[in-house]
2 protein chains.
Amino acid sequence: MDVKTKLKEMSAELDAPIKSYIEDEAPRNLIEACRQYPYAGGKRMRPSMVVAACRAVGGDGEKAIPLAVAIEYIHNFTLVHDDLMDGDEKRRGMTTSHVLYGLPTAILAGDALFAKAYDIISDLDIPSDAMRKVLKKVSVAVWDLARGQQMDINNENSGTVSMDDYIETIRLKTSVLFAAGAAGGALIGGADDATVESIHEYAMNLGVAFQMFDDILGIYGDPEKTGKSAGNDIRKGKSTVMVCHARENIKDKDTLDRFMSVFGKLDATDEEIEIARNILKESGSYDYAIEMAEKYTMDSIKCLDCLADSEDKAFMKALAEYSMSRDV
Amino acid sequence: MDVKTKLKEMSAELDAPIKSYIEDEAPRNLIEACRQYPYAGGKRMRPSMVVAACRAVGGDGEKAIPLAVAIEYIHNFTLVHDDLMDGDEKRRGMTTSHVLYGLPTAILAGDALFAKAYDIISDLDIPSDAMRKVLKKVSVAVWDLARGQQMDINNENSGTVSMDDYIETIRLKTSVLFAAGAAGGALIGGADDATVESIHEYAMNLGVAFQMFDDILGIYGDPEKTGKSAGNDIRKGKSTVMVCHARENIKDKDTLDRFMSVFGKLDATDEEIEIARNILKESGSYDYAIEMAEKYTMDSIKCLDCLADSEDKAFMKALAEYSMSRDV
C-alpha cells in the first residue's frame, strides 16, 4: 500500500468536514484564528486513523468523521498553544497564531477549538453509552497531554532525564491523543472492549515510534522538508531518545563533556552542532533510536492481530510503518 | 434568607469535592498550578447554583456535585487564561498563575482544568442521554465564552460599542457559564425541557445583572473589598453599561470630550479618574446601570415561577438579588 497516496485520499475526504464546523459568527478575528491551523492542512494522520479504526472493526466510517474532526481540532488547539509557549514564529512556513493574531486571541482560539471538539462529540450519531466512553477517552487524553507537555518543558536543559522519563513524556505528549482517536473510532464502529483496548495500544506504540522518529528528524532531518532548523533541538537542550542514550552510554568523559557543552547552548554555532550530531552517531545513539522506533512500530503492528484482514487494517499497519519512514 | 450565610454553607459543602479530583500525579508543578485557583476559594456562586437548581426541580443534590465541581474548574480555567491575557499580577490579593508558574504552565494548567471538567462530566451518575445534554450545554457555553472574551478585548478602547454590543458581550462572557451550570443542574435533577430552559434563562438574566453590577463595582466599588483599583476599568477603556449610556446620552459635547479624554488613558491621574466618575454620575449613566441591573434581576427571578416553592428556589431568588447587592 502506498501510504502517502492513501493519506492524501483520506485527507481530501476529511477536508470538507474539517471546514464545516466553525461557522461564520462574531467576532471575526477569533473565528479566523480558530480556522487558521485546521484549515492549513497537514498530514491528517490522527483523523485518518479515527476513520480507519472505525472501518477496520466493521463500522460505518461516515459515523466516525465527526470524531475525526474533533481529534484534529484538539491536535490543532495544542499546536496553537504550543507555538505560543515556545515563542515559535513559524510552523512549516506558516506564521504562527500568536504572531498573526496576538497572544490573547491565540489563547482563546485554542480554548475555543477545544470546546468545539466537545460540542462535536456531544452530537456523535451513536448510542449515548458509547458516546460517554468516547468522551472519557478523549478527556483523559487531553489531561495527560497537558502533563506530557509540562514534563517536556521540565526536561529541557535537564541533565538527569532518564530513558524511562523520556518514554513516559512522549507517551503522554504524543501517544495519548493518537490512542484516544483510534480507540474512539473503534468504539464508534461498535468494537468490543478487548478490541478497543488493542487498538488503543496499537496507537500508543505508534505514537512513541512517531515521536522518536520526530526527534530523529529534528536533528538529522532535511530542514528544507521538516521546516525546522536541524540544530534547534540540540540548542534548546531538548531531551530525546538519542540524548538519553548518549548520556547513559558514552563512557569517555571528554566526549560526553564535548556533547554536553553544546547541548542546551542557545548560541551554538553550526560547527558545534555538527560536532554534537557526529558524537550521537559515533556513540551509537542514533542507531539505538532507530532500533527503538522499529521496536515500537513492530509492537504497534502486533496489536492489530485481533482484526480481520481488510484494506483499513492494512492502512493502519502502513501508518505505523510510515510513522518512522517519513521525511517530514 | 441570608444569602451570604447560605453561600458560605454551600461553599463549605463543596470545598472537599472541589479538592478531590486533582490527584497527586507528575509533574508536580502542573498539578500545583491546576490546584491554585480552585483551592483558593471564592464566592462559589456558580457551583452553588448547580446544586440548588438540581434540588429546586426535586432532584438529589448529591448527584449534581460533580457537575458543580466541573463548572467551577471551567470558571477557574478561564480566570487563569484571563489573568495571563490581561497581564494581571494579582487576583484578589493572590499572585496570578502566570506570575507564579510562568506562562507555559499557566496555559497548560488552564487547558488541563478544562479537560478535567469533561472527564468529570463523562462520569456523571445519570442516564447517558441526560449526560449528553449536559455535555452539549457546557461545550456550547465555553465556545460562546471564548467569543465573549474576544468581543470584550475588541471592545476595549473602541469608541463605537453600542448598548446592544455590550449586552451581547456580557451574555457571552459571563451569563453562558452560569446558565450551562444551572440548566445542567436541572437536567441532573430530572427536569423537563421547558423547566430546563426556564432555569437557563434565569441564569442568563442573572449573569447579565451580575456583570453589570461587576462593572459598576469596578468603577464605584471599594477597592479594599473588590481588590481592584477603582480607576482601572476607565484607564483600560473598558466598555461598560455606564460608558455606553454616557456616549449615547451626553448631549453636551464638552462634557463628553472631557470624559473621552480620560477613557482609555492608561496614565490617567486619580484626579482625572474622579472627574470621569463624576461625569458618569451626573449624566445619569450610573443610575441607568443600576436600573438595568435591577431589570435583569427581576427578569431572572420571574423565570423561577415554574418552580414549586422550596428553600432552594428561595436561595436561587436570593442569588439573583445578591448578584447586584454585593460589595465584592
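Residues numbered from 1 in each chain as written. Chains lettered and ligands numbered in written order. Predicted model: local features only at pLDDT ≥ 70, side-chain atom pairs only at ≥ 80, totals over all residues. Heavy atoms only, no water.

**A short note on empty space enclosed by the protein**
- Here the structure, examined in full by the defined rule, presents six cavities of 30 Å³ or more.
- In this model, the largest cavity occupies a volume close to 60 Å³.
- When contributions to the lining of the largest cavity are tallied by element, the ones reaching two or more residues are α6 (103–122) of chain A together with α4 (61–86) and α7 (128–155) of chain B.
- When residues in the lining of the largest cavity are grouped by element, the largest group, five residues, is from α4(B).
- When the residues that make up the lining of the largest cavity are grouped by side-chain class, the tally is six nonpolar, three polar and two charged. (1 Å grid on protein atoms, 1.4 Å probe; cavity = no way out; pocket = protein on both sides within 12 Å on 5 of 7 lines; lining within 4 Å. Points joined across faces, edges and corners; volume = space filled by probe spheres on them. Helix = DSSP H or I, 4+ residues; strand = E, 2+ residues; numbered from the N terminus. Nonpolar A, V, L, I, M, F, W, Y, C, P; charged D, E, K, R; others polar.)

**Brief notes about the side chain of Arg147(B)**
- Turning to its location among the elements, Arg147(B) is positioned in helix α7.
- A residue is classified by how much of its surface remains accessible, and Arg147(B), at 8% relative accessible area, is buried.
- Those residues in contact with Arg147(B), other than ones at most four positions away along the chain, are Glu25(A), Ala26(A), Pro27(A), Leu30(A), Glu168(B) and Leu172(B). (Buried < 20%, exposed > 50% of the residue type's maximum accessible area, 1.4 Å probe, protein only. Contact = heavy atoms within 4.5 Å.)

**Describing the packing of aromatic side chains**
- In total, this model carries 14 aromatic pairs over all chains according to the counting rule given.
- Ring plane angle 10° and centroid distance 4.6 Å describe the contact between Phe77(B) and Phe114(B), whose orientation is recorded as stacked. Of this pair, Phe77(B) sits in helix α4 while Phe114(B) sits in helix α6 (residues 103–122); the two residues are 37 residues apart in sequence, bridging distant segments of the chain. Here Phe77(B) matches Phe114(B) in class, with each residue buried.
- Linked through ring pairs, Phe77(A), Phe114(A), Tyr118(A), Phe77(B), Phe114(B) and Tyr118(B) together constitute an aromatic cluster.
- Here the basic side chain of Lys295(A) rests over the ring of Tyr296(A), its NZ or CZ set 4.3 Å away from the ring centre. (Phe/Tyr/Trp six-rings, centres within 6.5 Å; stacked < 30°, edge-to-face > 60°. Lys NZ or Arg CZ within 6 Å of the ring centre and 35° of its normal.)

**Details of α4(B)**
All names here are of chain B.
- Taking 1.5 Å per residue as the helical rise, α4 with its 26 residues ought to reach 38 Å, and the 36 Å between its terminal C-alpha atoms agrees with that figure.
- Where burial is concerned, most of α4 is hidden: 22 out of the 26 residues are buried.
- Following α4 by one or two positions, Gly87 has its phi on the positive side, about 70°. (Expected span 1.5 Å × (residues − 1).)

**Digging into the pattern of salt bridges**
- For the structure shown, the criterion picks out 57 salt bridges over all chains.
- Of the charged contacts in the structure, one is a salt bridge between Asp305(B) and Lys302(B), with a shortest N-O distance of 3.8 Å.
- Overall, Asp305(B) belongs to the exposed group, its relative accessible area being 54%.
- Ionic contacts of the salt-bridge type, sharing partners, join the residues Asp15(A), Lys19(A), Arg44(A) and Glu72(A) into one network. (Salt bridge = Lys/Arg side-chain N within 4 Å of Asp/Glu carboxyl O.)

**Topic: the environment of Asn155(A)**
Residues and elements named next belong to chain A.
- Following the sequence through the fold, Asn155 ends up in helix α7 (residues 128–155).
- For Asn155, a relative accessible area of 12% puts it in the buried group.
- C-alpha of Asn155 to C-alpha of Tyr166: the two residues are eleven residues apart in sequence and 8.4 Å apart in space.
- Setting aside chain neighbours within four positions, we find Asn155 in contact with Val161, Thr169, Gly237 and Ser239.

**Points about the state of the cysteines**
- As enumerated under the stated definition, the model contains zero disulfides over all chains in all.
- In this structure Cys306(A) is a free cysteine whose sulfur lies 7.9 Å from that of Cys303(A), the closest cysteine sulfur available. (Disulfide = S-S within 2.5 Å.)

**Things to note about the side chain of Lys313(A)**
Residues and elements named next belong to chain A.
- Mapped onto the elements, Lys313 comes out in helix α16 (residues 311–322).
- For Lys313, a relative accessible area of 15% gives the class buried.
- Engagement of the side chain of Lys313 in a polar contact is seen with the backbone oxygen of Leu304, the distance being 3.4 Å.
- Non-local contacts of Lys313, meaning those with residues more than four positions away in its chain, are made with Ala56, Leu304, Asp305, Leu307 and Ala308. (Polar contact = N/O pair within 3.5 Å; in protein donor to acceptor, adjacent residues only side chain to side chain.)

**Things to note about the interface of chain A and chain B**
- In this complex, chain A contributes 47 residues to the contact, which on the side of chain B involves 47 residues.
- Buried surface at the junction of chain A and chain B, summed over both partners, amounts to about 4,200 Å²; 65% is from carbon and sulfur atoms.
- If you look at where chain A meets chain B, you find six salt bridges.
- Put simply, Glu25(A) and Arg147(B) hold a salt bridge, and the shortest N to O gap is 3.0 Å.
- Across the contact surface, chain A and chain B share 26 residue pairs in polar contact (both at pLDDT 80 or more).
- Contributing elements (two or more residues each) for the side of chain A that touches chain B: α2 (28–39), α4 (61–86), α6 and α7 of chain A.
- Among the elements that make up the side of chain A that touches chain B, the one with the highest residue count is α7(A) (17 residues).
- Grouping the constituent residues of the side of chain A that touches chain B by class yields 29 nonpolar, nine polar and nine charged. (Buried area = accessible area lost by both parts, 1.4 Å probe.)

These results come straight from atomic positions and should not be treated as a statement about function.
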